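As a plain string of letters, each chain reads:
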Amino acid sequence: MYFVSTTQALNGQPPEENHSSPAVSFKEAVLHCLPREGGLYIPESAPDLRPFFLHMGEETTFSELAAAVTPLFFEGELNPLAASRVAERAFDFEPELLRLDETYSILSLYNGPTGVFKDFGISFLAALLEELLNGENAMVIAAARGHTGAAIARAFQNRQGITTVLLYPDEPIYGLDSGSYVPQGGRLIPIRVKGSPDDCQKLVSALIQDRTFAERYRITAANAINVGRLLPQSFYFLYSFVKLKKHITGELMFSIPSGNFGNLIAALYAWKFGMPVNGLIAAMTANNSFGEFIKDGTIADYHGEFLKAAVNKNAAFASAVTPVLDIHYPSNCERLASFYKSAPAVMRNMVFPETVDDASTLRAMKTVWDKYGIHLDPHGAVAFAAAEQIAAGADFYDHVVVLSTAHPANYSDLAFKASGKRPDLPEHLASLDNRAEPIAEIEPDLEGLESAIASCS
Ligand SMILES: *Cc1c(COP(=O)(O)O)cnc(C)c1O
C-alpha cells in the first residue's frame, strides 16, 4: 500500500521539483508520518481484502484478523510472522459486538487499557513501531488532552527503545505514572504547553516538519495524523462485518460518533478494502457544523484556509454531555476532502451527517437501558440517537451497528440518571483519575519544545 499527501491529491498538481515526493510505502508513512509538501498522508491505492474477510468466520479473533490483513498493507515490508507478533502484542483486548435485535447492534470499543476506542489505534502503532525499529532508539510525540495522554503513555511504556513526548494544553492531566518519567529513569516526557489544544497539534506538526531535528531523534507522531494509528481502526469495521455476515440479510450501516472523523475515515477505508457496507452515519453534536459541508458538497471546493474560515464562522454550542465531540475543524478534514474528490458519489450516497442535541443523547441512554438493559456511553448514545433520527425519516436500512467509543463507567452520573443504576468501574480504569504533573512547561513555540526535548534526552 502506498501513500500520497492530501496536498498533492487536492491540488491535482505534481509537487514542485525540489519537493518532489512520489508515493511512499506504509513503513515510510508510519516512520515519517507527515509529507514534506504539507497535508496528511492518504492511501493512494487499497489492497483488496475480500479474499480474507469473506472467508473468516465468527470464530476469528480480532487479533487473528489484524494479523491476517496487516501484511497486505506492507507489501513485503512486514512479513506475516512479524505481523502476527504486532497483532498479538497490540491486542490483548477485543472489540465486542452485541446484537440487540433485528435493527441494532452495539460495537463496544472500550475494552482496552484506558476504556476508550483510541486504545486500538495507539496499541497497534506502539507494537508496530517496536517491530519496525527492531531495537533502534526513536521518539514518538503526541498532542493529548485528558486521558488520551495516559493511553499513549501506557501503550508505549514497555516498547523497546521508544521515548514518548506528550504535549498537553493548559488544563489538568490524568493517569500518568510519575515513575515512568525520564528524570526517574523511565522514558516519558510530559510537557505542558501554555496554550490551546490546537497549539499543541501545531507544535507536533512543526516538530515533524523540522526534518533535521526530527531525524536526529527519529521522531514520529502518535496522533491520528499517523496512518499507523488510523488504518488499524478499519479492523473493527471488518471484524463487525465478519461477525454479522451470517445474521443479516439486508443493508448494513454503521453509526459513528464523530469528532475528528478518524473513525469515519477508517470506515471509508474499510469500504475501499472491499467491505460491503451501505451507509455510514456521522453522528455529531450541534457544535460540529462540519457535517453541513459534507451535505452540501462545499468540502469538494476544499481550499484549506477557506474552509477553515467557513467552519469557524459557525457558532459554537458546547455540549455538556459529550464535549470530546465538539470539534470545530476536524483534523481529518483534508482526508475527507480528498476522499470526496476521488469518490464524490460514495460520499454523497453513503455518508449521512446527523446532528444530535444533549437531550436526545440522554434520552437514547435511557431508551437503550429500558429496552435492552445495557448501559450505553454518551458517545454511543449520540450515535444511537442519530440512527433513530434517520430511521424516523426513512426506511432505507436494515441493520445499524452503533459504535460505543468509551466505557460507560466513566460516565457514572449520566448512566445513573438514565437507569437508576451505576455501572461497575473496572479497577484498571480507576487509577486513570489520578491527577498528574508535567516535567516541563513551555510557551507554544518550536524552539521551546526542541530545547525541552534536548534537555530531557
Ligand atoms: C476521540 C473520541 C471520539 C471521536 O472520534 P473521532 O475519530 O475523532 O471522530 C468519540 N468518542 C470518544 C469517547 C472519543 O474519545
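Colleague: When you look at the pattern of salt bridges in this model, what are you seeing that I'm missing?
Modeller: Two side chains bearing opposite charge may form a pair once their charged atoms approach each other closely. With the rule as written, the count across this model stands at 12 salt bridges. Residues aspartate 413 and arginine 422 are paired through a salt bridge, measuring 2.9 Å at the closest nitrogen-oxygen approach.

Colleague: In this structure, what is going on with unusual backbone geometry? I would like to understand it.
Modeller: At cysteine 33, a position not held by glycine, the phi torsion is positive, near 55°. Tracing the sequence through the fold places cysteine 33 in the loop between helix H2 (26-32) and strand S3 (41-43). Given the relative accessible area of 1%, cysteine 33 is considered buried. Positive phi outside glycine occurs at phenylalanine 261, with the angle close to 65°.

Colleague: Would you take a moment to explain the nonpolar core for this structure?
Modeller: What tends to happen in soluble globular proteins is that the nonpolar side chains get buried as a cluster. Ranked by internal contacts, the top residues of the largest apolar core, which has 110 residues, are Phe156, Leu176, Phe237 and Phe254. Ranked by residue count, the leading element in this core is helix H6 (residues 118-133), at 10 residues. Shared between two domains, this core takes at least three residues from each, and those domains are domain 1 (96-115 + 230-426) and domain 2 (137-217 + 427-457). Those residues within four positions of phenylalanine 237 in sequence are excluded, and the remaining contacts are Phe254, Ile256, Asn263, Ala266, Ala267, Ala270, Met275 and Leu403.

Colleague: In this structure, what is going on with the packing of helix H17 (residues 358-372) against helix H18 (residues 378-393)? I would like to understand it.
Modeller: The description of two helices packed together rests on the angle between their axes and the distance between the axes. The contact between H17 and H18 brings their axes to 8 Å, and the two run at 90°. For the element pair H17 / H18, the angle class is roughly perpendicular. Between H17, through Ser360, Thr361, Ala364, Met365, Thr367, Val368 and Tyr372, and H18, the contact on the second element is made entirely by Pro378, Ala381, Val382, Phe384, Ala385, Glu388 and Gln389.

Colleague: Is there a simple way to explain the site of the ligand in this structure?
Modeller: The immediate surroundings of the ligand are formed by 15 residues, with Lys118, Gly259, Asn260, Phe261 and Thr405 found nearest. Within the backbone of phenylalanine 261, an N or O atom sits 2.9 Å from an oxygen atom of the ligand. Threonine 405 is positioned with one of its side-chain polar atoms (N or O) 2.8 Å from a nitrogen atom of the ligand. Compared with its free state, where it exposes 380 Å², the ligand has 92% of that area covered by protein. The residue makeup of the shell around the ligand, split by class, is 7 nonpolar, 7 polar and 1 charged.

Colleague: Explain the domain arrangement of the protein to me, please; I cannot follow it from the model alone.
Modeller: Often, the extent of an interface is quoted as the loss of accessible area upon association of its parts. Looking at the assigned domains, one finds that the protein contains domain 1 (96-115 + 230-426) and domain 2 (137-217 + 427-457). One C-alpha centre belongs to domain 1, the other to domain 2; they are set 29 Å apart. Taken together, the contact pairs 8 residues of domain 1 with 8 residues of domain 2. Buried area between domain 1 and domain 2, both sides added, is near 740 Å², and the carbon and sulfur share of it is 64%.

Colleague: Got a minute to help me understand the packing of aromatic side chains in this structure?
Modeller: Geometrically, a pair of aromatic rings is defined through the distance of the ring centres and the angle of the planes. This model, assessed by the stated rule, comprises 21 aromatic pairs. Between phenylalanine 73 and phenylalanine 235 the ring centres are 6.0 Å apart and the planes differ by 15°, which places this aromatic pair in the stacked class. Of the two residues, phenylalanine 73 sits in helix H4 (residues 62-74) while phenylalanine 235 sits in helix H11 (residues 235-244), which places them 162 residues apart along the sequence. The same class applies to phenylalanine 73 and to phenylalanine 235, which are both buried. An angle of 40° between the planes, with centres 5.3 Å apart, marks the rings of phenylalanine 73 and phenylalanine 273 as tilted. One end of the pair, phenylalanine 73, is in helix H4; the other, phenylalanine 273, is in the loop between helix H12 (262-272) and strand S12 (279-285), with 200 residues separating them in the sequence. Phenylalanine 273 matches phenylalanine 73 in its accessibility class, with the two residues each being buried. In this structure, arginine 422 is placed above the aromatic ring of phenylalanine 416, and the distance from its NZ or CZ to the ring centre is 4.7 Å.

Colleague: Just checking my understanding: could you explain the sheet that holds strand S1 (residues 2-5) for this structure?
Modeller: Two pairing modes exist for strands in a sheet, parallel and antiparallel, and in both the strands are linked by backbone hydrogen bonds. Spatially, 3 strands are ordered S2-S1-S3 in an open sheet, and the strand pairing comes out antiparallel. One side of each edge strand has no neighbouring strand; the edge strands of this open sheet are strand S2 (24-25) and S3. Pairing between S1 and S2: 2 bridges, direction antiparallel. Along S2, the bridge assignment pairs phenylalanine 3 with valine 24.

Reading the values: rules and limits
Residues numbered from 1 in each chain as written. Predicted model: local features only at pLDDT ≥ 70, side-chain atom pairs only at ≥ 80, totals over all residues. Heavy atoms only, no water. Salt bridge = Lys/Arg side-chain N within 4 Å of Asp/Glu carboxyl O. Helix = DSSP H or I, 4+ residues; strand = E, 2+ residues; numbered from the N terminus. Buried < 20%, exposed > 50% of the residue type's maximum accessible area, 1.4 Å probe, protein only. Core = buried A, V, L, I, M, F, W, Y, C linked by side-chain atoms within 4.5 Å. Domains from an automatic or database assignment. Contact = heavy atoms within 4.5 Å. Axes fitted to C-alpha atoms, helices over the stretch in contact; angles between N-to-C directions. Parallel < 35°, antiparallel > 145°, perpendicular 65-115°, else oblique. Near = heavy atom within 4 Å. Polar contact = N/O pair within 3.5 Å; in protein donor to acceptor, adjacent residues only side chain to side chain. Areas by Shrake-Rupley, 256 points an atom, 1.4 Å probe, with all protein chains shown as cover. Nonpolar A, V, L, I, M, F, W, Y, C, P; charged D, E, K, R; others polar. Buried area = accessible area lost by both parts, 1.4 Å probe. Phe/Tyr/Trp six-rings, centres within 6.5 Å; stacked < 30°, edge-to-face > 60°. Lys NZ or Arg CZ within 6 Å of the ring centre and 35° of its normal. Pairing = 2+ DSSP bridges.

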